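Structure assessment
One letter stands for each residue in the lines below.
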Amino acid sequence: MHTMTDPEDNWLWIIGPGAIGRLLAASLMAARQRELREQGASTLPRVLLLGRQAMSGQDVMLDMTTPELLIISARINHSTIDTLQGSSSRKPSAIWLTTKAHGVPAVWQQLAPHITPETPVTCWQNGLSAQPWLAERHPTLLCASTTEGAWLPPAIDSSTDDSVRLGVQHAGRGHTWLGAWQSDGDGDPDSQSHQAALLQCDWLRAAGFACESTPDIQTRLWHKLAINAAINPLVARYRIRNGQLRDRPFAPMVRQAVEEISAVLDCEGISAPREGWQALVEQVIRATANNRASMLQDVLAGRPTEVEAILGPLRLAAARHGLALPLLDDLYCQLSTPQR
Ligand SMILES: NC(=O)c1ccc[n+]([C@@H]2O[C@H](COP(=O)([O-])OP(=O)(O)OC[C@H]3O[C@@H](n4cnc5c(N)ncnc54)[C@H](OP(=O)(O)O)[C@@H]3O)[C@@H](O)[C@H]2O)c1
């Protein structure tokens, strides 16, 4: 049921050649090349990596360092999103959006004229701002929620005239949930989006990721948002590593953040995890003690953060239910004004 008949014409566009985009592109293309070598055929799609910055060649060599420090290299087709105009070849079977959440509207403006409503588009963003925004504009929407971790090593310029080398560090293996945004709760097994989610899970598993499809991706996204909301704004505001949240004066702030978040989720009817929100957040802080969250890295680099995507949906829901969020509102205001 989930197979593609014409692999030569089977293109996956990955838009946003950052940490997650490169991790997915390199893993899929390496798996495709392995299948071609060993079996003479592959049902995996070919990847077209689309960015907004021109590179000197059409081909990109992606060097992915695995968590075990092996280097896996894969040649990838690359193009800039503004040169999509007029290109009729390499039409996508599916599209994965791997920009930050605030990048999605600009991407959509350039992408929309080139795809049909049936083209499955998968959002890989954290938070819950890009997904509902895109759901109002595109019917075949899928979402992924992943705990894979990746970051970009400093660029080393080893480009030649017709190829560019890009790196990505796969920092830690995790789990990915993938599902249709619109779901009737039973997973509507015949829907085009549900079928696309099953197929894309097959691709991800073939590329070495632990992946499951889910009939209720929205609850998964809320759960990831809750954990991000309890940790990321605090570490970004105070410029600390995750593990420091266990110490004073931060531990009581984490408890307050979790109380505010869980009150909103209760009112929204989002089920709590079995161990409870406080225990889950403490567990994630322990497991990521040495990490500098991406929101902190964005603050330190003077880049826009994903604070709107993560705290924005909680603030909207709190306003709907008449709940006060004193700590989260304060963090939102602090992080929404330029730092430094
Ligand atoms: N990294 C992780 O471990 C991880 C894990 C789970 C979820 N996520 C989520 O995945 C999303 C991406 O994260 P990331 O860490 O991969 O971010 P990232 O490294 O900043 O990558 C984003 C990429 O999108 C590109 N981009 C921005 N606007 C674009 C446009 N209009 N057209 C084409 N490309 C555009 C950026 O290009 P420029 O270089 O030109 O800015 C950059 O290459 C975020 O929502 C994040 O929360 C990340």
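Description of the structure in this document. Every value quoted in this text rests on a predicted model; they were computed, and no experiment measured them.

1. Looking at the overall build of the chain
A count of helices and strands for the chain gives 10 helices and 11 strands. For the chain, the residues scored as buried account for 50% of the 340 residues in total. Restricting to contacts in the chain with at least 6 residues of sequence separation, those with at least 24 account for 73%. For the chain, the computed accessible surface area is about 16000 Å², with 50% contributed by carbon and sulfur atoms.

2. Let's talk about the site of the ligand
The immediate surroundings of the ligand are formed by 24 residues, with Ile20, Arg52, Gln53, Ala150 and Glu306 found nearest. Here an oxygen atom of the ligand sits 3.1 Å away from a polar atom, N or O, in the main chain of glycine 18. A distance of 2.6 Å separates an oxygen atom of the ligand from a polar atom in the side chain of glutamate 306. Relative to its unbound accessible surface of 900 Å², the ligand loses 81% to contact with the protein. Mapped by element, the contributors of at least two residues to the shell around the ligand are helix H1 (19-39) and strand E8 (149-151).

3. Points about the side chain of asparagine 228
Its location among the elements puts asparagine 228 in helix H5 (residues 217-238). Contacts of asparagine 228, omitting those with residues within four sequence positions, involve Asn126, Pro233 and Ile310.

4. Here's the deal with unusual backbone geometry
The omega torsion of the bond from arginine 248 to proline 249 falls at 5°, within 30 degrees of zero and hence cis. Position of proline 249 among the secondary structure elements: in the loop between H5 and helix H6 (250-268). Residue leucine 69 is not a glycine yet carries a positive backbone phi of 70°. Mapped onto the secondary structure, leucine 69 falls in the loop between strand E3 (59-65) and strand E4 (71-80). According to the relative accessible area criterion, leucine 69 is exposed, its value standing at 64%. You will see that arginine 239, though not glycine, has its phi angle at about 55°, which is positive.

5. Some remarks on the packing of H5 against helix H8 (residues 294-301)
Remark: H5 packs on H8, axes separated minimally by 8 Å, with the N-to-C direction vectors making an angle of 30°. Taken together, H5 and H8 sit at an angle that is classed as roughly parallel. As for the relative orientation of H5 and H8, their crossing is right-handed in sense. Here Asn232, Pro233, Val235 and Ala236 of H5 come into contact with H8, specifically with Met295, Leu296 and Val299.

6. Side note on the pattern of salt bridges
According to the stated counting rule, one finds eight salt bridges in the structure shown. Here arginine 320 ties to glutamate 268 by a salt bridge, and the two come within 3.1 Å at their closest N and O atoms. Taken together, the residues span a long stretch of sequence, with arginine 320 in helix H9 (residues 307-321) and glutamate 268 in helix H6 at a distance of 52 residues. What makes arginine 320 exposed here is its relative accessible area of 55%. Looking at glutamate 268, the relative accessible area reads 26%, which means it is partly exposed. Aspartate 329 is the salt-bridge partner of arginine 315, the closest N and O atoms lying 2.7 Å from each other. One end of the pair, arginine 315, is in helix H9; the other, aspartate 329, is in helix H10 (residues 326-336), and 14 residues separate them in sequence. A residue is classified by how much of its surface remains accessible, and aspartate 329, at 29% relative accessible area, is partly exposed. Each of the salt bridges in this network shares a partner with another, and the network as a whole consists of Lys100, Asp298 and Arg303.

Rules and cut-offs
- Residues numbered from 1 in each chain as written.
- Predicted model: local features only at pLDDT ≥ 70, side-chain atom pairs only at ≥ 80, totals over all residues.
- Heavy atoms only, no water.
- Helix = DSSP H or I, 4+ residues; strand = E, 2+ residues; numbered from the N terminus.
- Buried < 20%, exposed > 50% of the residue type's maximum accessible area, 1.4 Å probe, protein only.
- Contact = heavy atoms within 4.5 Å.
- Areas by Shrake-Rupley, 256 points an atom, 1.4 Å probe, with all protein chains shown as cover.
- Near = heavy atom within 4 Å.
- Polar contact = N/O pair within 3.5 Å; in protein donor to acceptor, adjacent residues only side chain to side chain.
- Axes fitted to C-alpha atoms, helices over the stretch in contact; angles between N-to-C directions.
- Parallel < 35°, antiparallel > 145°, perpendicular 65-115°, else oblique.
- Left-handed = near helix turned anticlockwise from the far one by under 90°.
- Salt bridge = Lys/Arg side-chain N within 4 Å of Asp/Glu carboxyl O.

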